[in-house]
Each structure stands twice: as structure tokens, then as C-alpha cells.
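# Topology and contacts: notes
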Amino acid sequence: ATISGKLETTELLTRKLSLIADTAATESSRAASFGESILPAGQTQLDVLSTSITQNSLIFITPTSPTEKTLYVMDKKKDEFTVGISSQSELPIKFNWWIIN
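### Observations concerning the nonpolar core
In terms of nonpolar packing, the biggest core is built from 14 residues, with Val48, Leu71, Phe81, Val83 and Phe95 touching the most fellow members. Mapped by element, the contributors of at least two residues to this core are strand 2 (45–49), strand 3 (58–63), strand 5 (80–84) and strand 6 (93–100). Per-element accounting of this core gives the leading share, four residues, to strand 6. With sequence-adjacent residues up to four places away left out, leucine 71 is seen in contact with Ile61, Pro63, Val83, Gly84, Ile85, Ile93 and Phe95.

In C-alpha cells, the structure reads:
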């Protein structure tokens with residue numbers, strides 16, 4: 001079955017959850033609740049833009065390239081959050097992010 005719009009339930013049981021990326025316009029990509037980013041080599045933080053972010057959002061970060069650094073959410077504010085590491089990396093760090101409201 002296909003449902004469009006908002007689905008509200010007390011409990012959801014599923015074997016698999018698939019998220020669909022909207023690859024259309026730039027504005028819709030800014031509204032994404034998940035994505036991929038790269039923290040460039042030599043930098044300790046990166047701002048990720050998303051209009052899905054709120055002060056109460058949970059943000060999950062998963063590195064997708066080898067790293068000895070621990071990525072963490074440094075800051076959350078309207079339309080963006082900041083991912084950081086405690087010291088510079090010699091290599092760029094690729095990571096996935098997922099915002100849950």
C-alpha cells in the first residue's frame with residue numbers, strides 16, 4: 001500500500017525501513033532529513049544545511065571512510081548543524097547523517 005502525507009501511529013513494527021532521497025530541486029535537498037557529507041582534511045568542523053533540523057532533533061552520524069577520529073554534533077541551530085572532531089585529520093572524512101524529529 002502507498003500512503004502519501006503524514007502517518008501517525010503509537011507503534012511501528014517493520015523488518016526494513018527504506019528512505020527515499022528527493023533528488024529534484026536544490027530546495028528539496030536542503031529539506032532532506034538524511035544525506036552524505038565530507039569533512040575536508042585539515043578542518044575540525046563542517047556545517048551541514050538542512051531545514052529539517054530543530055533544537056530537539058536527534059542527529060545520527062556514521063563515518064563511511066576510515067578514520068581514527070570521533071565525529072560528533074557540535075551545534076544545532078535553525079536550518080543547520082555542525083559536525084566536528086577534536087583535532088585535524090590528514091585525510092577527508094566521509095560520513096552519513098540522519099535527522100530524527
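### Here's the deal with the pairing of strand 4 (residues 72–77)
Relative to strand 5, strand 4 is paired through five bridges, and the arrangement is antiparallel. Its bridge partner being in strand 5, tyrosine 72 is matched across the sheet by glycine 84. Between strand 4 and strand 5, which pair antiparallel and follow one another directly, the connecting turn spans two residues, one of which, aspartate 79, has a positive phi of 70°.

### Section: the sheet that holds strand 3
Ordered in space as 1-6-3, the three strands form an open sheet in which the pairing is antiparallel. Every interior strand has two partners, whereas the edge strands, strand 1 (34–39) and strand 3, have only one. Recorded for the sheet is a direction-independent mean angle of 30° between the axes of neighbouring strands. By the bridge criterion, six bridges tie strand 1 to strand 6 in an arrangement that is antiparallel. If you follow phenylalanine 34 over to strand 6, its bridge partner there is tryptophan 98.

### Comments concerning the environment of glycine 5
Along the chain, glycine 5 falls in the segment before helix 1 (26–30). Spatially, the C-alpha atom of glycine 5 lies 42 Å from that of serine 89, the residues being 84 residues apart in sequence.

### Some thoughts on the side chain of serine 65
Within the secondary structure, serine 65 sits in the loop between strand 3 and strand 4. At a separation of 2.9 Å, a polar atom in the side chain of serine 65 contacts the main-chain amide nitrogen of lysine 94. When residues no more than four places from it in sequence are discounted, the contact partners of serine 65 are Pro92, Ile93 and Lys94.

### A short note on the packing of aromatic side chains
A complete count under the given rule lists two aromatic pairs for this structure. With a centroid separation of 6.4 Å and an interplanar angle of 50°, the aromatic rings of phenylalanine 60 and tryptophan 98 are classed as tilted. In this pair, phenylalanine 60 sits in strand 3 while tryptophan 98 sits in strand 6, placing the two residues 38 residues apart along the sequence. The exposure class of phenylalanine 60 is partly exposed, given its relative accessible area of 45%. Measuring from centroid to centroid gives 5.6 Å for phenylalanine 81 and tryptophan 97, while their planes differ by 70°, and the two rings are edge-to-face. Remark: tryptophan 97 occurs in strand 6 and phenylalanine 81 occurs in strand 5; sequence separation between them is 16 residues. Tryptophan 97 matches phenylalanine 81 in its accessibility class, with the two residues each being buried.

Cut-offs used in this document
Residues numbered from 1 in each chain as written. Predicted model: local features only at pLDDT ≥ 70, side-chain atom pairs only at ≥ 80, totals over all residues. Heavy atoms only, no water. Core = buried A, V, L, I, M, F, W, Y, C linked by side-chain atoms within 4.5 Å. Buried < 20%, exposed > 50% of the residue type's maximum accessible area, 1.4 Å probe, protein only. Helix = DSSP H or I, 4+ residues; strand = E, 2+ residues; numbered from the N terminus. Contact = heavy atoms within 4.5 Å. Pairing = 2+ DSSP bridges. Axes fitted to C-alpha atoms, helices over the stretch in contact; angles between N-to-C directions. Polar contact = N/O pair within 3.5 Å; in protein donor to acceptor, adjacent residues only side chain to side chain. Phe/Tyr/Trp six-rings, centres within 6.5 Å; stacked < 30°, edge-to-face > 60°.

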